[in-house]
Amino acid sequence: DTDVRRLVEVALQSINTRGLAVHVKNCGHGYGGRAYDWVPAVSPRARQRSVHRLIVVRIGPPEMFPRSTLNRKGEGYGGKRSPVMTYLDWREAMVAITAHEGRHIQQYQRGWPRSEVDAERHAAKTLNRYRGVAP
């Protein structure tokens, strides 16, 4: 759908998307995502030679939001150095989760260390930009 495509574009604005496929799925809970430095054989994109990396984003139904990244320890998803975000609706979750996973793709592409804290900080900046708030 056009709205989802636009949200993915906003989320991946600073990421090199060459050879990247993004799959968006509905799920029964709030949200989730995964970045692959390859394309799993079970993916419909596995046969496409032009696709080398994959992001899978899972977003729950609208009634699951607002939803926070605060964990049981009182920390953000990536740990105590990660920002705590509250996704007001599924669109905000879509932007933040896709940006987070997109940052992992960028980490793969550039040979950077894999960091959840870095991915969460990038997601927060992208979400704030989406909301129209200065980073």
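Everything discussed here concerns the structure shown above.
Right, let's walk through the structure included here. (Residues numbered from 1 in each chain as written. Predicted model: local features only at pLDDT ≥ 70, side-chain atom pairs only at ≥ 80, totals over all residues. Heavy atoms only, no water.)

## Here's the deal with helix 1 (residues 2-11)
- Buried within helix 1 we find L7, V8 and A11. The arc that holds every buried residue of helix 1, seen down its axis, measures 100 degrees, which confines them to one face. Away from its buried face by more than 90 degrees, helix 1 exposes T2, R5 and E9.
- Residues of helix 1 that are buried sit in contact with strand 1 (20-26), helix 2 (90-110) and helix 3 (116-131).
- Near the N-terminus of helix 1, the side chain that reaches the backbone nitrogen of D3, with its oxygen 3.1 Å away, is that of D1. (Buried < 20%, exposed > 50% of the residue type's maximum accessible area, 1.4 Å probe, protein only. Helix = DSSP H or I, 4+ residues; strand = E, 2+ residues; numbered from the N terminus. Arc of directions from axis to C-beta. Contact = heavy atoms within 4.5 Å. Polar contact = N/O pair within 3.5 Å; in protein donor to acceptor, adjacent residues only side chain to side chain.)

## Side note on the nonpolar core
- Ranked by size, the top nonpolar core spans 25 residues in total, and within it I59, Y87, M94 and I105 carry the most contacts.
- Of all the elements in the fold, those that place two or more residues in this core are helix 1, strand 3 (53-59), helix 2 and helix 3.
- The element contributing the most residues to this core is helix 2, with nine residues.
- Among residues more than four places away in sequence, those in contact with I105 are I15, L20, A35, Y36, R53, L54 and I55.
- V39, V51, L54 and V56 belong to the second-largest nonpolar core, a separate cluster that totals six residues. (Core = buried A, V, L, I, M, F, W, Y, C linked by side-chain atoms within 4.5 Å.)

## Focus: the sheet that holds strand 1
- Pairing is mixed in the open sheet, where three strands are placed in the order 1-3-2. Edge positions in the open sheet fall to strand 1 and strand 2 (31-36), since each of these has one partner strand only. The sheet shows a mean angle of 10 degrees between the axes of neighbouring strands, taken without regard to direction.
- Here seven bridges tie strand 1 to strand 3, and the two strands are oriented parallel to one another. By the bridge assignment for strand 3, H23 is matched with V56.
- Across the face of the sheet, helix 2 comes into contact with strand 1, strand 2 and strand 3 while running at roughly 160 degrees to strand 3. (Pairing = 2+ DSSP bridges. Axes fitted to C-alpha atoms, helices over the stretch in contact; angles between N-to-C directions.)

Remember that the coordinates give geometry; whether it matters functionally is a separate question.
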